Amino acid sequence: MRTKSSEFPDSFKQERANQGVYKMDDQGDEVLMVLGLKELRNCARDHATFSSGKTIPGRIVVPSEEHIRSVRQIPVEVDPPIHTEFRALLDPWFKRPLDKEYQHKLTLLIAELLDDLLIRDEFEVVNDLALPLQSRALTLLLNVPIEEAETWISWGTHVFRSEGDPLDSGKAAVLDDYILQQIEKSSKNPGEDFYSVLLNSEVNNRKLTTEEVHGIVNLAFAGGRDTVINAVTNSISHFAEHADELAKIRTQPNLSRMAVEELVRYFSPLTHLGRVATENTQVCKYAVKANERISLCWASANRDETVFEDADNIKIDRKQNPHVAFGFGHHKCLGAMHARQLLNTLFTLLAEKVASMTIVDFEEQFETLGQINRKIGFQYLKVKFHGR
Ligand code: EMZ
């Protein structure tokens with residue numbers, strides 16, 4: 001019998017309880033995944049020992065993107081003190097989702113998408129809702145015309161992955177060419193867009209280099225792509241099987257924000273992110289040699305039963321929720337405010353417009369981590385909305 005579409009099992013339960021770590025192979029290079037929340041936080045804080053910057057670009061991502069991407073993603077692939085400078089520069093821009101005008105535009109954009117889907121007999125969530133929603137919302141974050149989203153939609157759900165190829169160099173090149181073109185356009189004809197703002201910014205009393213601008217923009221496209229798409233699709237699967245929770249959000253609107261936190265904890269759209277050891281050290285009594293990688297496994301830490309009561313169940317009104325779905329410490333997700341606002345608006349509008357949903361068909365999507373297969377989302381999810 002088929003499991004419920006909205007069930008996302010904890011793939012790390014046994015390893016977390018037994019060893020606290022899991023060793024996986026990534027393209028011939030070992031990664032020691034850190035599974036418990038407490039240990040993960042300790043490693044995340046210790047950037048001197050577990051660095052994000054002291055290795056080649058792409059390597060702290062698992063699977064490593066070192067063969068398909070040469071630009072360093074900023075700020076996620078640099079350490080303090082330069083990391084602190086970049087965050088100070090970028091944080092105000094990424095706080096714009098708190099502005100009323102931004103929120104208003106986001107609401108209109110999501111309402112329009114939902115209204116179109118409400119009159120359809122059935123639709124496929126990944127391609128008909130999550131992908132256009134992620135792309136159109138990103139035009140607000142980058143402050144570019146909404147028409148740009150059509151190009152991004154044509155790239156599919158992941159900027160580096162394609163069907164059957166988790167590391168697609170052709171796709172990575174399409175993204176790089178696109179970004180370099182946009183940077184050139186904005187340097188010739190500056191405006192209010194993200195590229196222009198970056199080209200006119202300074203760190204350490206000097207202008208950013210083109211490569212730095214490229215690295216910042218590359219991350220803006222890659223970091224919030226499949227993660228947001230999966231968060232949206234997975235949330236739809238959840239509300240389709242728990243219409244009572246949508247009804248609760250309808251009567252208690254404040255619940256929507258709590259539901260966002262709980263659903264991202266449960267789904268953990270980004271499984272993990274790596275660090276490279278700068279010296280011989282150990283994690284949970286396991287030796288890690290200099291230049292070897294560890295990964296901070298947000299997905300496992302978010303199910304840590306020593307921290308989260310009834311961790312494998314979604315409680316949309318969970319009170320204590322110190323999840324790490326957006327990372328932890330100084331590298332905490334820069335796009336988190338945008339993602340939270342997007343999901344909160346989506347949940348609020350769903351509650352307003354949709355009475356219930358029927359799941360017509362679905363196929364789950366998995367990520368392979370050594371011997372472990374982790375469910376991360378859907379190949380496709382066909383549903384029907386029943387309007388209010
Ligand atoms: C990287 C990562 C997350 C990587 C915060 O960054 O997300 C992955 O999906 C991308 O492939 O490049 O950005």
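Predicted, not measured: the structure shown is a model, and the values here were computed from it.

**Details of the packing of aromatic side chains**
For any pair of aromatic rings, the description consists of the separation of the ring centres together with the inter-plane angle of the planes.
Alright, step 1. With the rule as written, the count across this model stands at 13 aromatic pairs.
Alright, step 2. Where Trp155 meets Phe221, the ring centres are 5.8 Å apart and the plane angle is 65 degrees; that geometry is what we call edge-to-face. Of this pair, Trp155 sits in the loop between α6 (148–154) and α7 (169–188) while Phe221 sits in helix α9 (residues 210–222), placing them 66 residues apart in sequence.
Alright, step 3. Trp155 sits in the buried class, given a relative accessible area of 12%.
Alright, step 4. Among the residues examined, Phe221 registers a relative accessible area of 1% and is labelled buried.
Alright, step 5. Ring plane angle 90 degrees and centroid distance 5.9 Å describe the contact between Phe362 and Phe378, whose orientation is recorded as edge-to-face. On the criterion of sequence distance, the pair formed by Phe362 in strand β11 (residues 354–369) and Phe378 in strand β12 (residues 372–387) is long-range, its members being 16 residues apart.
Alright, step 6. By relative accessible area, which is 8% here, Phe362 ends up buried.
Alright, step 7. Judged by its relative accessible area of 3%, Phe378 falls in the buried class.
Alright, step 8. In textbook terms, an aromatic cluster arises when at least three aromatic residues are bridged by ring pairs, as seen for Phe8, Tyr266, Phe267, Phe362 and Phe378.

**Considering the packing of helix α4 (residues 100–118) against helix α5 (residues 125–142)**
Alright, step 1. Packing of α4 against α5 leaves a shortest axis separation of 10 Å and a crossing angle of 160 degrees. If you check the angle between α4 and α5, you find them roughly antiparallel. Taken as a pair, α4 and α5 cross one another with a handedness that is right-handed. Facing α4, whose interface residues are Tyr102, Lys105, Leu106, Leu109, Ile110, Leu113, Leu114 and Leu117, α5 presents Asp128, Leu129, Pro132, Leu133, Arg136, Ala137, Leu140 and Leu141.
Alright, step 2. Its residues placed into classes, the contact of α4 with α5 shows 13 nonpolar, no polar and 3 charged.

**Focus on α4**
Alright, step 1. In a regular helix each residue adds 1.5 Å, so 19 residues correspond to 27 Å; α4 covers 26 Å between its end C-alpha atoms and thus fits that length.
Alright, step 2. Among the residues of α4, Tyr102, Gln103, Leu106, Leu109, Ile110, Ala111, Leu113, Leu114 and Leu117 are the ones counted as buried.
Alright, step 3. The elements touched by buried residues of α4 are β4 (123–124), α5, α14 (336–353) and β12.

**Observations concerning the pairing of β12**
Remember that side chains alternate between the two faces of the sheet whenever the strand is regular.
Alright, step 1. Bridge count between β4 and β12: 2 bridges; the pairing is antiparallel. Across the sheet, Glu124 pairs through a bridge with Lys382, a residue of β12.
Alright, step 2. Direction of pairing for β11 relative to β12: antiparallel, over a ladder of 14 bridges. Of the residues in β12, the one forming a bridge with Ser356 is His386.
Alright, step 3. Connecting β11 to the next strand, β12, in antiparallel fashion are 2 residues, including Gly370 with a positive phi near 60 degrees.

**Considering the nonpolar core**
Alright, step 1. Leu129, Phe194, Phe221 and Leu350 are the most contacted members of the largest nonpolar core, which totals 88 residues.
Alright, step 2. If you tally residues by element for this core, the top one is α5, at 11 residues.
Alright, step 3. Residues in contact with Leu129, not counting those within four places in the same chain, are Leu113, Leu114, Leu117, Phe123, Glu124, Val232 and Ile236.
Alright, step 4. Grouped together as the second largest cluster of nonpolar side chains are 23 residues, Val34, Val61, Ala277 and Val283 included.

Parameters at a glance
- Residues numbered from 1 in each chain as written.
- Predicted model: local features only at pLDDT ≥ 70, side-chain atom pairs only at ≥ 80, totals over all residues.
- Heavy atoms only, no water.
- Phe/Tyr/Trp six-rings, centres within 6.5 Å; stacked < 30°, edge-to-face > 60°.
- Helix = DSSP H or I, 4+ residues; strand = E, 2+ residues; numbered from the N terminus.
- Buried < 20%, exposed > 50% of the residue type's maximum accessible area, 1.4 Å probe, protein only.
- Axes fitted to C-alpha atoms, helices over the stretch in contact; angles between N-to-C directions.
- Parallel < 35°, antiparallel > 145°, perpendicular 65-115°, else oblique.
- Left-handed = near helix turned anticlockwise from the far one by under 90°.
- Contact = heavy atoms within 4.5 Å.
- Nonpolar A, V, L, I, M, F, W, Y, C, P; charged D, E, K, R; others polar.
- Expected span 1.5 Å × (residues − 1).
- Pairing = 2+ DSSP bridges.
- Core = buried A, V, L, I, M, F, W, Y, C linked by side-chain atoms within 4.5 Å.

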